[in-house]
Amino acid sequence: MAGIEDLARKLSNWDRWGPDDQAGTVNHITPAKVAAAAGLVRRGHIEQLGIPLGHDGPQITGSTRFNPLHFMTALHDHDVRPDGSAIADDVLMLPLQAGTQWDALAHYSHQGRLYGGRPASLVTTRGAQTVAIAAVSGQIMTRGVLVDLPRHFGVDTLEPGRPVGVADLEAALAETGTEVGAGDALLVRTGFLEHCRRRGWTGYKGDSPGLDIDTLSWLHQRQIAAVATDTCFVEVRPSTVPGVRAPFHLVGIVYMGLLLGEIFDLESLAENCHRAGSHEFLLVAPPLPVTGGIGSPINPYAVS
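Residues numbered from 1 in each chain as written. Predicted model: local features only at pLDDT ≥ 70, side-chain atom pairs only at ≥ 80, totals over all residues. Heavy atoms only, no water.

Novice: I'm lost on the overall build of the protein chain in this one. Help?
Specialist: A count of helices and strands for the protein chain gives eight helices and 15 strands. Radius of gyration (C-alpha) of the protein chain: 20 Å, near the 19 Å computed for a compact globule of 304 residues. When its C-alpha atoms are laid out on the principal axes, the protein chain stretches across 70 × 50 × 40 Å. Buried residues in the protein chain amount to 51% of all 304 residues. Looking at the protein chain alone, contacts between residues at least 24 apart form 78% of all its contacts between residues at least 6 apart. About 13600 Å² of surface is accessible on the protein chain, with carbon and sulfur atoms providing 53% of the total. Taking the 23 positively charged and 32 negatively charged side chains of the protein chain as two groups, their mean positions are separated by 3 Å. (Helix = DSSP H or I, 4+ residues; strand = E, 2+ residues; numbered from the N terminus. Rg over C-alpha atoms; globule rule 2.2 N^0.38 Å. Buried < 20%, exposed > 50% of the residue type's maximum accessible area, 1.4 Å probe, protein only. Contact = heavy atoms within 4.5 Å. Areas by Shrake-Rupley, 256 points an atom, 1.4 Å probe, with all protein chains shown as cover. Lys, Arg positive; Asp, Glu negative; His and termini not counted. Charge placed at Lys NZ, Arg CZ, Asp CG, Glu CD.)

Novice: I'm lost on the side chain of histidine 28 in this one. Help?
Specialist: Residue position: histidine 28 is located in the loop between helix H1 (2–11) and helix H2 (31–38). Setting aside chain neighbours within four positions, we find histidine 28 in contact with Arg16, Trp17, Lys33, Ala182, Gly183, Gln223, Ile224 and Ala225.

Novice: Sorry, what's going on with the sheet that holds strand S4 (residues 101–103) here?
Specialist: Hydrogen bonds between backbone atoms are what pair the strands of a sheet, whose relative direction is either parallel or antiparallel. Pairing within the open sheet is mixed, and its nine strands lie in the order S1-S15-S13-S7-S9-S11-S12-S4-S14. Only two strands of the sheet have a single neighbouring strand rather than two, namely strand S1 (46–48) and strand S14 (295–297). Recorded for the sheet is a direction-independent mean angle of 25 degrees between the axes of neighbouring strands. Relative to S14, S4 runs antiparallel, the two being bridged by three bridges. The partner of tryptophan 102 across the bridge, within S14, is serine 296. Strands S1, strand S7 (141–148), strand S9 (185–189), strand S13 (280–284) and strand S15 (301–303) of the sheet are contacted by helix H8 (residues 267–276), whose axis makes an angle of about 85 degrees with S7. (Pairing = 2+ DSSP bridges. Axes fitted to C-alpha atoms, helices over the stretch in contact; angles between N-to-C directions.)

Novice: Could you clarify how one ought to interpret the nonpolar core in this entry?
Specialist: It is characteristic of soluble globular proteins that their nonpolar side chains tend to be buried jointly. In terms of nonpolar packing, the biggest core is built from 42 residues, with Leu186, Leu216, Leu219 and Val251 touching the most fellow members. Mapped onto this core, the elements with two or more residues apiece are H1, S7, helix H4 (166–176), S9, helix H6 (215–221) and helix H7 (247–256). Here this core takes seven residues from H7, the largest share from any one element. The residues contacting leucine 219, other than those within four sequence positions of it, are Leu186, Ile224, Val227, Phe248 and Leu258. Ala23, Ala226, Leu259 and Ile298 belong to the second-largest nonpolar core, a separate cluster that totals 26 residues. (Core = buried A, V, L, I, M, F, W, Y, C linked by side-chain atoms within 4.5 Å.)

Novice: Quick question: what am I supposed to make of the pairing of S13 here?
Specialist: Here is the key point about a regular strand: its side chains alternate between the two faces of the sheet. Pairing of S7 with S13 involves five bridges; the strand directions are antiparallel. Across the sheet, the residue bridging to arginine 143 is leucine 282, located in S13. Pairing of S13 with S15 involves three bridges; the strand directions are antiparallel. Within S15, the residue paired with leucine 283 across the bridge is alanine 302.

Novice: Is there a simple way to think about H4 in this case?
Specialist: Residues that lie three or four places apart on an α-helix share one face, since the helix turns once every 3.6 residues. Inspection of H4 places Val166, Asp168, Leu169, Ala172 and Leu173 among the buried residues, and these make up the whole buried set. Looking down the long axis of H4, one finds its buried residues gathered within 165 degrees of arc, a one-sided arrangement. Turned more than 90 degrees from where H4 packs its buried face, Ala167, Ala174 and Glu175 sit exposed. Summarising the contacts, the buried residues of H4 are in contact with S7, helix H3 (149–153), strand S8 (163–164), S9, strand S10 (210–211) and H6. Of the residues flanking the end of H4, it is glycine 177, one or two places downstream, whose phi is positive at about 65 degrees. (Arc of directions from axis to C-beta.)

Novice: Looking at this structure, how should I read the pattern of salt bridges?
Specialist: For side chains of opposite charge, pairing can occur when their charged atoms come near one another. This structure, assessed with the given rule, holds 13 salt bridges. A salt bridge links arginine 9 to aspartate 6; the shortest N-O distance between them is 3.9 Å. Taken as a pair, arginine 9 and aspartate 6 lie in helix H1 at a separation of three residues, close to a single helical turn. A salt bridge links arginine 189 to aspartate 148; its shortest N-O distance comes to 2.5 Å. Linking arginine 189 in strand S9 with aspartate 148 in strand S7, this pair joins segments that are 41 residues apart in sequence. Across the pair, exposure class does not vary: arginine 189 and aspartate 148 are buried alike. Bridged by salt links that share partners, the residues Asp148, Arg151, Arg189, Glu267 and Glu271 form one connected network. (Salt bridge = Lys/Arg side-chain N within 4 Å of Asp/Glu carboxyl O.)

Novice: What am I meant to see in H7 here?
Specialist: The element H7 is extensively covered by neighbouring structure, given that ten of its ten residues are classed as buried. Taken residue by residue, H7 has Pro247, Phe248, His249, Leu250, Val251, Gly252, Ile253, Val254, Tyr255 and Met256 as its buried positions. Phi turns positive, to about 70 degrees, at glycine 257, one or two residues after H7.

Set out below in structure tokens:
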């Protein structure tokens, strides 16, 4: 753990935006950044990046997360009113991180502390009393940048357990002539979502490609606001750091306050970016303002 703790101290954003900060790296999304990102919309083309919220989602292995459950609570052939009208109504029950989603900064702790040094005991059975997802529910609109690794390497998908390092990110960005900077959201396509979806999601929640721990310093230096991938974990599984199950989450969430997104569907976006010859766009991805939420399902859009 010595190396991880040293990295955590080096990349820590605790108190960077004041002792009451609950937004972490989302603070890099300034009004000027939003205005500039809006200027990327020229064709009015929208790409939906969220997977459907249904029973055939990726949560097929045993865990506390399950696929969304949809129930009807009223049907048109019940309670028909005297004027002949009727309504249908329904309920959706789902773990907040069952589909395309953002992690709240309350999602991960280390040595009993949350982002900013707050005690992890502030997350109770009533939810997170601090750094909950609602803290950033109105702030996630910025310039998005796609890194399309399968196209760069000429493969359908990166293999399970394949770590994505700084050299990989920089080479893929350079190939498309794209740069990333302060306030950007970096979307990293590995191809793994589509690979597993075609197989009924088999293997999706097991070993997977993802960002290696060395990319955190690179993201910190560039003041990236958010990172999302088409995998369940963002980071590579299994971990490349012996004895540390999720080092990227540990340092990224707890110390950097980095917004992480998982299960983004980047397939159609990748094709559109390739055809258009541009890998930048306006990303609109607000989480639901769930009081005390540890994460939030989202239906993000890339608009160009």
